[in-house]
Amino acid sequence: MRPIRRHPAALALLTAVALVTAAAPGLPAAADPVPVTVVTGDFEDGTTQGWAARGGGETVAVSDAAAHGGTGSLAVTGRTAGWQGPSLDVLDVLEKGTQYTVTAWVRLAAGAAADSARLSVERRTAGTAGYDQVAGNTAVSADGWVALTGRYTLATDVDFLHVYVETANTTGSFFVDDVTVSYVPALPIQTGIPRIRDVVTEFPVGAAITAAETLGVHGDLLARHFTSVTPGNALKWDATEPAENSFSYAQADPLIAYAKANGLAVRGHTLVWHNQTPAWVFKDAAGAPMTATAENKALLLARLENHIRNVAAHYGEDIATWDVVNEVIDESQSDGMRHSTWYTVTGLDYIRTAFTVAREVAPHAKLIINDYNTNVPAKRDALYNLVAELRAEGVPIDGVGHQMHINVGWPTVAETEAMLQKFAPLGITQQITEMDVSIYRDSSESFPAPPADRLLSQAYVYRDMLALFRRHADQISSVTLWGLADDNTWLDTFPVTRKDAPLLFDTSLQAKPAYWGVVDPSRITPPAASGCSVSYRVTGSWPGGFQGDVRITNTGGAALAGWSLSWSFPSGQRITQAWNGTAQQSGADVTVTNAGWNAAIAPGGSAAFGFLGSWAGVNTAPAAFAVGGTACAVA
Ligand code: XIL
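Residues numbered from 1 in each chain as written. Predicted model: local features only at pLDDT ≥ 70, side-chain atom pairs only at ≥ 80, totals over all residues. Heavy atoms only, no water.

(A) Quick peek at the site of the ligand. In the vicinity of the ligand, the contacting residues are Asn233, Lys236, His269, Trp273, Gln276, Asn326, Glu327, Gln403, His405, Glu434, Trp482 and Trp490. A distance of 3.3 Å separates an oxygen atom of the ligand from a polar side-chain atom of Gln403. Note that an oxygen atom of the ligand is positioned 2.9 Å from one of the side-chain N or O atoms of Trp482. Taken by itself the ligand offers 420 Å² of open surface, and the protein chains cover 75% of this. Taken together, the residues that form the shell around the ligand break down as 3 nonpolar, 6 polar and 3 charged. (Near = heavy atom within 4 Å. Polar contact = N/O pair within 3.5 Å; in protein donor to acceptor, adjacent residues only side chain to side chain. Areas by Shrake-Rupley, 256 points an atom, 1.4 Å probe, with all protein chains shown as cover. Nonpolar A, V, L, I, M, F, W, Y, C, P; charged D, E, K, R; others polar.)

The following block contains the structure:
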């Protein structure tokens, strides 16, 4: 099979078809469009299906020495550098502004030392190259196949666009198989519901953004509901001054221009942090890690001053609020301060310098000290003491930023109110800077799809917290959420990798119960007692045959005691064998019932089964699934 390449016009047509399908009677409401696959690489036809060597002498060829599905794969041999490997031209395939899921299975050749592999995109615009990581370093070996998978949104105009696989440390040979690039067609945003900005008028309401949030329907949703934005990464030190005194605004400038064009306020995040700061900042004059000497202190403060003078001056009045320092408190230390290199080398002087220089360069701007867990009494009190001390000295701190990365069970409204009240006597402003409400109560939980009862709890948290903030509007000058919609949230990989859903709009940009919690709590809908989500994946494919894996997730509020899942095959496929479930097929219609050991599915839990099937011509995935007659979302 050739990789499927579609031009943007064809993509638009497919989107329209998928939307019609999603809106058909009997299928779930607009929220669940079917994924569209735009690249498949199974290497079963004896060709490399468009893949070629990145360059430098390595060989990329079809091989039957190993296969993830079927009998063929892509073998990469003769490498002399980690960057060498297979690459596929996707210039005519990927559309700007669409979020794709990219997957490639990788296995090292026999005898190759274990390593890490990663999946990236190289893009060029008029000769300038940029590299985007899709799936970060993932352990690989010769012992088995490993999936490299990640999401990718092309955010700029390009004249060269390749997907490639490379290794981190060694140059051994490896195999690649079963590559897919797919996307879930965007749904139109809802225009018949209130704008958040029209309902919450006490303070600007913002969202953290990357370039992807400013494009297409994402941009429409953002500008429709919000009055402020915070670039989530683009203004951090590693983006703005990657090498000493070499400033780059390529990431942030388009975001600030978007904000200006749409009349959105901008919060600048952040001038000083211990994370996402390049290593050179903390190296001494000889290039060794800085120790606490007078010379290093002078050097570090000079670098800090130069950084703030340049970055804050570049944006001038376009940035009306700065998170000047971020996360400087560590309440587990006896002095209450985070012992970062900033602190061990300069003491409190880096904070004094940062605010003083920021005030000088950006006299119009509100200057904020920002931190997380400020509802925890010990941390809150340490922050309070620091701000009180520095303000008494005359350090120009205008306000405290509460990140508010919280979850459905923590903290209480009372604790959050105590947090706000603690800072009131200082007469400073307070801002909610990075709010999101994880559906998880702790790091051990993981749901393939958000359970309805968690979405309901989340709606109540948003309702109660927003009501609290509005009651304290005299002290609060901004409330920002750390993202626009659940299709792009940092919580998908923090503190562990799992799908989270912490924001007001779902992965299809549709309003969640949490949105109604903010906008009109009387319209929070109780969770359906039953609800399901199904993921259907072809995990291997060869001429005439294929292997499928299916996972059912109980998204309802009640446990399932047993299940039967039904679907129709659209292109003549037939199941020949199933495991972890019993399959029956009549014509195109399939029903799989549970095995004894996977009959019960708790709310949020899931059950999986697999099967072997036959196919001819095309192997189109079923578009709709039902458990016990109730239509399921397609994940
Ligand atoms: C996060 C970003 O959202 C991620 O994309 C990045 O990989 C890590 O940083 N507190 C902060 C933010 O102050 O800067 C962090 O943002 C989230 C926690």
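(B) Spatial organisation of the packing of helix H10 (residues 413–423) against helix H11 (residues 452–471). One can describe the packing of H10 onto H11 by two numbers: an axis separation of 10 Å at closest approach and a directional angle of 25°. When the axis of H10 is compared with that of H11, the two are roughly parallel. H11 is crossed by H10, and the crossing has right-handed handedness. Within the contact between the two elements, H10 uses Val413, Thr416, Glu417 and Leu420 and H11 uses Asp464, Met465, Leu468, Phe469 and Arg471. Residue composition of the contact of H10 with H11, by class: 5 nonpolar, 1 polar and 3 charged. (Axes fitted to C-alpha atoms, helices over the stretch in contact; angles between N-to-C directions. Helix = DSSP H or I, 4+ residues; strand = E, 2+ residues; numbered from the N terminus. Parallel < 35°, antiparallel > 145°, perpendicular 65-115°, else oblique. Left-handed = near helix turned anticlockwise from the far one by under 90°. Contact = heavy atoms within 4.5 Å.)

(C) The arrangement of the confidence of the model for the protein chain in detail. Per-residue confidence for the protein chain gives a mean pLDDT of 92; residues scoring 70 or more make up 95%. Scored below 50 in pLDDT, residues 1–31 makes 58 contacts in the model with residues more than four places away or belonging to other chains. (pLDDT = per-residue confidence, 0-100.)

(D) Here's a closer look at unusual backbone geometry. Pro411 follows Trp410 through a cis peptide bond whose omega is -5°. Cis rather than trans, the peptide bond between Phe494 and Pro495 has omega equal to -5°. Counting through the fold element by element, Pro495 comes out in the loop between strand S20 (476–481) and helix H12 (513–519). Unusually for a residue other than glycine, Asn373 sits at a positive phi of about 55°. With respect to the helices, strands and loops of the structure, Asn373 is situated in the loop between strand S16 (366–371) and helix H9 (377–393). Given the relative accessible area of 24%, Asn373 is considered partly exposed. Positive phi, normally seen in glycine, also occurs at Met404, with a value near 65°. (Buried < 20%, exposed > 50% of the residue type's maximum accessible area, 1.4 Å probe, protein only.)

(E) Highlighting H11. For H11, with 20 residues, the first-to-last C-alpha span of 29 Å sits near the 28 Å given by 1.5 Å per residue. Burial in H11 covers these residues: Ala452, Arg454, Leu455, Leu456, Gln458, Ala459, Val461, Tyr462, Met465, Leu466, Leu468 and Phe469. Contacts from the buried residues of H11 go to strand S18 (405–407), H10, strand S19 (429–438), S20 and H12. (Expected span 1.5 Å × (residues − 1).)

(F) How the structure looks around the environment of Met337. Note that Met337 resides in the loop between strand S15 (321–326) and helix H7 (341–346). Through-space distance from the C-alpha of Met337 to that of Gly232 is 24 Å; in sequence the pair is 105 residues apart. Discounting residues that sit within four places of it in the chain, Met337 has contacts with Val328, Ile329, Asp330, Tyr343, Leu348, Ile351 and Leu386.

(G) Quick peek at helix H8 (residues 349–361). Compared with an ideal rise of 1.5 Å per residue, which puts 13 residues at 18 Å, H8 spans 18 Å between its outermost C-alpha atoms and is within 8% of the ideal. For H8, the full list of buried residues reads Tyr350, Ile351, Thr353, Ala354, Phe355, Val357 and Ala358. Structurally, H8 contributes buried residues whose contacts are with strand S14 (265–272), helix H6 (294–315), S15, H7, S16 and H9.

(H) Region of the structure containing the packing of H6 against H8. Interhelical geometry of H6 versus H8 gives an angle of 30° and a closest axis separation of 9 Å. When the interaxial angle is binned, H6 and H8 end up roughly parallel. As for how H6 packs across H8, the hand of that crossing is right-handed. Of the residues in H8, those in contact with Lys297, Leu301, Leu304, Glu305, Ile308, Arg309, Ala312 and Ala313 of H6 are Asp349, Tyr350, Thr353, Ala354, Val357, Ala358, Glu360 and Val361. Taken together, the residues of the contact of H6 with H8 sort by class into 10 nonpolar, 1 polar and 5 charged.

(I) Summary view of the side chain of Asp486. Note that Asp486 resides in the loop between S20 and H12. Overall, Asp486 belongs to the buried group, its relative accessible area being 2%. A polar atom in the side chain of Asp486 sits 2.7 Å from the side chain of Lys512. Excluding its chain neighbours within four sequence positions, the residues that come into contact with Asp486 are Asp492, Lys499, Asp500, Ala501, Pro502, Leu503, Phe505, Asp506, Thr507 and Lys512.

(J) Looking closely at the sheet that holds strand S2 (residues 52–53). Judged by pairing direction, the sheet is antiparallel, and its 5 strands sit side by side in the order S2-S5-S10-S7-S8 without closing on themselves. Every other strand in the sheet has two partners, leaving S2 and strand S8 (128–140) as the edge strands with one partner each. Both strand S5 (residues 86–89) and strand S10 (residues 160–167) contribute to a ladder of 3 bridges, which runs antiparallel. Paired with Asp89 across the bridge in S10 is His162. (Pairing = 2+ DSSP bridges.)

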